[in-house]
Amino acid sequence: MLLLCRLHLVEYATRSYATPRRGTVNNNLRAQEERAARRVQCTLSTRVVSAPSAEMMSASSPFVDEGRDAVVMLSSSTTRKYFAQHVASVASALFFNPAVEVHVHTAYNHQIMAAELLKLPFVQARESRAMQRLHFHSLSPRPSGLSEAKRLYRAWKLELLQQLPARRSMYIDGDVITCKRLDPVFDLLEQFDLACSHSHLPHTKLPKFAASTSFREANVPAAFTGCNGGVLGVRNGSAAHVNVLQRWAACVRDGRERYDMPCLASLMWRNPAKNYYVLPPEFNVRPNTPAGVGVTDPWLIHTLYGADTLAQQLGSVSNGSCLRQLREAGVLVALRGGSRGGSQRGP
């Protein structure tokens, strides 16, 4: 039985970071995309937009759905190696948060991703409802390899945070596995402007902070470690959104900064209204690191691209019922192959 879904697609073009590369489309990839298109019978609404600038954004933007919460995810990779990990990340967010809009900004082929998601038992059990809140945003220009993907990742991330899709939005990296409902974070955003995961290391131990001009000029106290940029909950239009996230891209682009995290910490410290909530370690558990020790019931597991397989990483931490539930939902079982769906140029 073919399931009907509703996917909203956006061609997401950055302003000036790179130009699209020309190349021939591999015949096998074309055939794979055609098979995926036949399997995924969706009503597609496609539009092309440019990456927003801070000057263009406001809390009253017509693109913001004030009545719903949203999860925002990003993956700039185009390699086959990381495809299954990204699909599992999206699937876990859908599985544990069926009532939340999920916006996926990805360089992978959206039809192939949707076809993989439609194979999962929990998606089939929920029929069309599991996919109705999933929105794909296609990243453009498409990275030609891993090094370019890493470079464009930061640019895309800082730009998409300029404008959030809902009044209360949760940004998580595309390699984060969700283990519980995110409603408690959205509830926090009624009282706090920003809810973020803690930074695992003090900035005094990281050379990139010492090399940051903006960080030194902000006179950030040694005890203020700031936040990890891979897990960020924010209320749209709040002081933290306007003074921190909407200025983050400009801080990195001003020509003096090489890294984004010192800019984030300096902007958080300079913000007059420091209405932040630092989430406990359960919201940014990292396998095979000190950040994964001692947490017995994680909310979000920040896996590592290029490390052990996803199952091995999840198995290395005390994950409560997370691993069992994802197995029962078919998320991990379906991804045992680990490499289907991509190549250096696709999906």
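A short tour of the structure in this document, coming up. Given the structure is predicted, the values throughout are model-derived calculations rather than measurements. (Residues numbered from 1 in each chain as written. Predicted model: local features only at pLDDT ≥ 70, side-chain atom pairs only at ≥ 80, totals over all residues. Heavy atoms only, no water.)

1. A closer look at the overall build of the protein
On a plain count of helices and strands, the protein comes out with twelve helices and eleven strands. Among the 347 residues that make up the protein, the fraction classed as buried is 54%. For the protein, the share of sequence-separated contacts (at least 6 apart) that also reach a separation of at least 24 residues comes to 80%. Surface summary for the protein: the accessible area is close to 15,200 Å², and the carbon and sulfur share equals 51%. (Helix = DSSP H or I, 4+ residues; strand = E, 2+ residues; numbered from the N terminus. Buried < 20%, exposed > 50% of the residue type's maximum accessible area, 1.4 Å probe, protein only. Contact = heavy atoms within 4.5 Å. Areas by Shrake-Rupley, 256 points an atom, 1.4 Å probe, with all protein chains shown as cover.)

2. What to know about the environment of Tyr-171
Mapping Tyr-171 onto the fold places it in strand β6 (residues 166-173). A sequence separation of 100 residues divides Tyr-171 from Val-71, and the C-alpha atoms of the two residues are 5.9 Å apart. Those residues in contact with Tyr-171 that lie beyond four places of it in its chain are Val-72, Leu-74, Tyr-153, Lys-157, Leu-160, Leu-161, Gly-229, Gly-230, Val-231 and Leu-232. Of the polar contacts made by the side chain of Tyr-171, one reaches the side chain of Tyr-153; its length is 3.2 Å. At a separation of 2.6 Å, a polar atom in the side chain of Tyr-171 contacts the side chain of Asp-173. (Polar contact = N/O pair within 3.5 Å; in protein donor to acceptor, adjacent residues only side chain to side chain.)

3. Section: the packing of aromatic side chains
Applying the stated criterion to the full structure yields seven aromatic pairs. Residues Phe-283 and Trp-299 carry aromatic rings whose centres are separated by 4.8 Å and whose planes lie at 15° to one another, so their mutual orientation is stacked. With Phe-283 in the loop between β10 (276-279) and β11 (300-302) and Trp-299 in the loop between β10 and β11, this residue pair connects regions lying 16 residues apart in the sequence. A network of ring pairs unites the aromatic residues Phe-95, Phe-96 and Phe-122 as a single cluster. Here the guanidinium or amino end of Lys-180 rests over the ring plane of Trp-299, the centre of that ring lying 4.3 Å away. A cation sits over an aromatic face here: Lys-274 above Trp-269, 5.0 Å from the ring centre. (Phe/Tyr/Trp six-rings, centres within 6.5 Å; stacked < 30°, edge-to-face > 60°. Lys NZ or Arg CZ within 6 Å of the ring centre and 35° of its normal.)

4. Digging into unusual backbone geometry
For the bond from Ser-140 to Pro-141, the omega torsion is 5°, close enough to zero to count as cis. By secondary structure assignment, the location of Pro-141 is in the loop between β5 (134-140) and α5 (146-160). Here the phi dihedral of Asn-219 falls at roughly 55°; this positive angle occurs in a residue that is not glycine. Residue position: Asn-219 is located in the loop between α8 (213-217) and β9 (227-235).

5. Quick look at empty space enclosed by the protein
Rolled over the atoms, a probe with the dimensions of a water molecule shows which regions are left empty. For the structure shown, the criterion picks out two cavities of 30 Å³ or more. Of the volumes computed, that of the second largest cavity is approximately 40 Å³. In terms of lining residues, the second largest cavity is bounded by Leu-94, Asn-97, Pro-98, Val-100, Arg-126, Arg-129, Ala-130 and Arg-133. Tallied by class, residues from the lining of the second largest cavity come to four nonpolar, one polar and three charged. (1 Å grid on protein atoms, 1.4 Å probe; cavity = no way out; pocket = protein on both sides within 12 Å on 5 of 7 lines; lining within 4 Å. Points joined across faces, edges and corners; volume = space filled by probe spheres on them. Nonpolar A, V, L, I, M, F, W, Y, C, P; charged D, E, K, R; others polar.)

6. Comments concerning helix α9 (residues 239-253)
The end-to-end C-alpha separation of α9 is 21 Å, in line with the 21 Å expected for 15 residues at 1.5 Å each. Bending of α9 peaks at approximately 45° at the position of Arg-247. For α9, the complete set of buried residues consists of Ala-240, His-241, Asn-243, Val-244, Leu-245, Gln-246, Trp-248, Ala-249, Cys-251 and Val-252. For α9, the elements touching its buried residues are α5, β8 (194-198), α8, β9, α10 (261-270) and β10. (Expected span 1.5 Å × (residues − 1). Bend = angle between axes of the 7 residues up to and from the residue.)

7. Section: the pairing of β5
With six of seven residues buried, β5 lies mostly within the body of the structure. Relative to β5, strand β4 (residues 101-106) runs parallel, the two sharing five bridges. Across the sheet, the residue bridging to Thr-106 is Ser-138, located in β5. (Pairing = 2+ DSSP bridges.)

8. A few points about the packing of helix α2 (residues 83-96) against helix α3 (residues 110-118)
Orientation of α2 relative to α3, taken along the N-to-C sense of each, is 60°, at an axis distance of 10 Å. On the basis of the axis angle, α2 is oblique to α3. Between α2 and α3 lies a crossing whose hand is right-handed. Together, Phe-83, His-86, Val-87, Val-90, Ala-91 and Leu-94 of α2 and Ile-112, Met-113, Glu-116 and Leu-117 of α3 make up the contact between the two elements. Across the contact of α2 with α3, the residue classes break down as eight nonpolar, one polar and one charged. (Axes fitted to C-alpha atoms, helices over the stretch in contact; angles between N-to-C directions. Parallel < 35°, antiparallel > 145°, perpendicular 65-115°, else oblique. Left-handed = near helix turned anticlockwise from the far one by under 90°.)

9. Quick word on the pattern of salt bridges
Tallied over the full model, the rule gives eleven salt bridges. Here Asp-183 makes a salt bridge to Arg-181, at a shortest N to O gap of 2.9 Å. On the basis of relative accessible area, Asp-183 is assigned to the partly exposed category, the value being 28%. On the accessibility criterion, Arg-181 (41% relative accessible area) is partly exposed. (Salt bridge = Lys/Arg side-chain N within 4 Å of Asp/Glu carboxyl O.)

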